[in-house]
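Commentary on secondary and tertiary structure
The chain contents come next:
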Amino acid sequence: MIAQRLHPVLGRMAFALLSSAVLLIFSEKLFWYVTGYSVLDLLLGYFFPAFVLLWVVDYFRVRRLAPLFLAAAVFGFVAEGMLTNTLYEGGPLAWFSVSWTPLAWHAPLSVVFGWWWLRRELVAGRTRRVALGCAAVGVVWGLWALAWWLPENAADPALLAAGARLGRWPVGDFALHAFTFTGLLALAHGLLGRGGWRSTFRPSWVEGVLVAAGLLVFFGAFVLPTYPWAPLRLAVRGGVAVGALYVNKRHEPTGSALADLDGSVRPRSLLALATMPAAAVAVYALAAALSPSADVIRVITAYGLVLGTAVLGWLAFLASVVLTVLRAKRDPA
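Everything numeric in this text was worked out from a predicted model, so none of it was measured. (Residues numbered from 1 in each chain as written. Predicted model: local features only at pLDDT ≥ 70, side-chain atom pairs only at ≥ 80, totals over all residues. Heavy atoms only, no water.)

Another point: the overall build of the chain. When helices and strands are tallied, the chain shows 15 helices and zero strands. By the compact-globule yardstick of 20 Å for 333 residues, the chain fits well, its C-alpha radius of gyration being 20 Å. When its C-alpha atoms are laid out on the principal axes, the chain stretches across 55 × 50 × 45 Å. Every one of the 333 residues in the chain was classed for burial, and the buried ones make up 51%. (Helix = DSSP H or I, 4+ residues; strand = E, 2+ residues; numbered from the N terminus. Rg over C-alpha atoms; globule rule 2.2 N^0.38 Å. Buried < 20%, exposed > 50% of the residue type's maximum accessible area, 1.4 Å probe, protein only.)

Now the structure itself:
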C-alpha cells in the first residue's frame, strides 16, 4: 500500500531531477565553465525551479511557444529571484537585472531550447535538426566562453574565493569540460526517454508545501537580508506571467507539452548532441589562435551577448504576454 502511494511521488521526483540536470547544463555549465565540474549541489538547487516549471506547464496547459516562454520566465524568476538575488541588482526599478539572465538566458536557452525544443526533436527522431540546432548553440557557447578571458572577469574576487579557475583555459581542458557536460545532457535526455518523462505533473499538496518551504529557505537566507523589498518585485514580474498563463489555461483543451513530448529517444539521435561541444571547441580554439583584443571580446560578449540579449529577452517576454492574451480573445472558451 505504501509502495503504491510512493511510486507516483518518486516518479515525479525523478522527472524533476532529470529535468533539473538538463536545465542546469544550459543555465550553469554553458555560462560558468570556469567553475569546473561540480554538479551535485547544482542538481539539488535546480530541482526546485524545475519542479515549479513542470507544475506550471501542466497546470496552465502550456503547449504553444508564447505561453511556454512565459512558463520559462517563471522558471528564470524563481532561479534568479529565490535561489539567488540577481533579479534585484540595480534597485527596485532596474530593468536590466529582470531580463539578464531570467529572460535572456534561462528562458530561451535552458527551457525553450534545451528542455523543450531538444526534447521535441529527439522524440521525433529529427537527427539533422538536432545536430544543426546544437551546432548553432555551440557557436554561442564558444563565443560566450571568451568573456572569462577579460581581465576584469579573470580577477573576479567572489569567483576566486569560491575556487573558480578563471581566465583562459587550454583548448583541451575546455574541450573535456564541454564534452563531459554534453554527455551528462545526453544521459539525462536518454533517461527521460526511457520512462523518466511524465505526461502529467500533478504533485500532492504535501509535495507542493515541501518545495515551497525549500524555496522559502533559500529566499530567506540569500535574498531578504539584502533586498527586503524583493517579494514585491518578484510578485509583480511573476504575476504578469502567471496572469497571462491563466488566460491561456481558460482557452486551451486539457493536456500540455508534457503529454505532447512523451516518448522514447533513439541513441543515434543523442549522438547528434555532440555537434554542440564540437562547435564550441572550434570557436574557442579559433579565438585562442587569433587572440582577439579585450575590446573585441567586450563587443561580442558584453554588448552582443549581454546587453543585446537582455533587450531581446524583454521583447520576447512582452510579445509572449500579448500573443497569449490575443489568441485567447480570438478563440474564446
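Of all hydrophobic cores here, the largest spans 110 residues; its most connected members are Phe-26, Tyr-33, Trp-115, Leu-118, Trp-144 and Phe-317. A total of 13 residues in this core trace back to one element, the largest contributor, which is helix α5 (residues 102–124). Discounting chain neighbours no more than four positions away, the residues touching Trp-144 are Leu-30, Phe-31, Trp-100, Trp-105, Thr-301, Leu-305 and Val-306. (Core = buried A, V, L, I, M, F, W, Y, C linked by side-chain atoms within 4.5 Å. Contact = heavy atoms within 4.5 Å.)

Per the counting criterion, the structure on display carries 35 aromatic pairs. Ring centres 6.2 Å apart and planes at 40° place the aromatic pair Tyr-46 and Phe-75 in the tilted group. Of this pair, Tyr-46 sits in helix α2 (residues 40–59) while Phe-75 sits in helix α3 (residues 65–83), and the two are 29 residues apart along the sequence. Like Phe-75, Tyr-46 is buried. With a centroid separation of 5.4 Å and an interplanar angle of 15°, the aromatic rings of Phe-113 and Trp-117 are classed as stacked. (Phe/Tyr/Trp six-rings, centres within 6.5 Å; stacked < 30°, edge-to-face > 60°.)

This brings us to the side chain of Arg-233. By the secondary structure assignment, Arg-233 is in helix α11 (residues 230–250). Among buried Asp, Glu, Lys and Arg side chains, Arg-233 stands out as unpaired, with Glu-89 the closest opposite charge at 9.3 Å. The contact partners of Arg-233, leaving out residues within four places of it in the chain, are Leu-87, Tyr-88, Gly-91, Pro-92, Leu-93, Ala-94, Trp-95, Ser-97 and Val-98. (Lys, Arg positive; Asp, Glu negative; His and termini not counted. Salt bridge = Lys/Arg side-chain N within 4 Å of Asp/Glu carboxyl O.)

In total, this model carries twelve salt bridges according to the counting rule given. Connected through salt bridges with shared partners, the residues Arg-63, Arg-64, Glu-252, Asp-260 and Arg-327 form a single ionic network.

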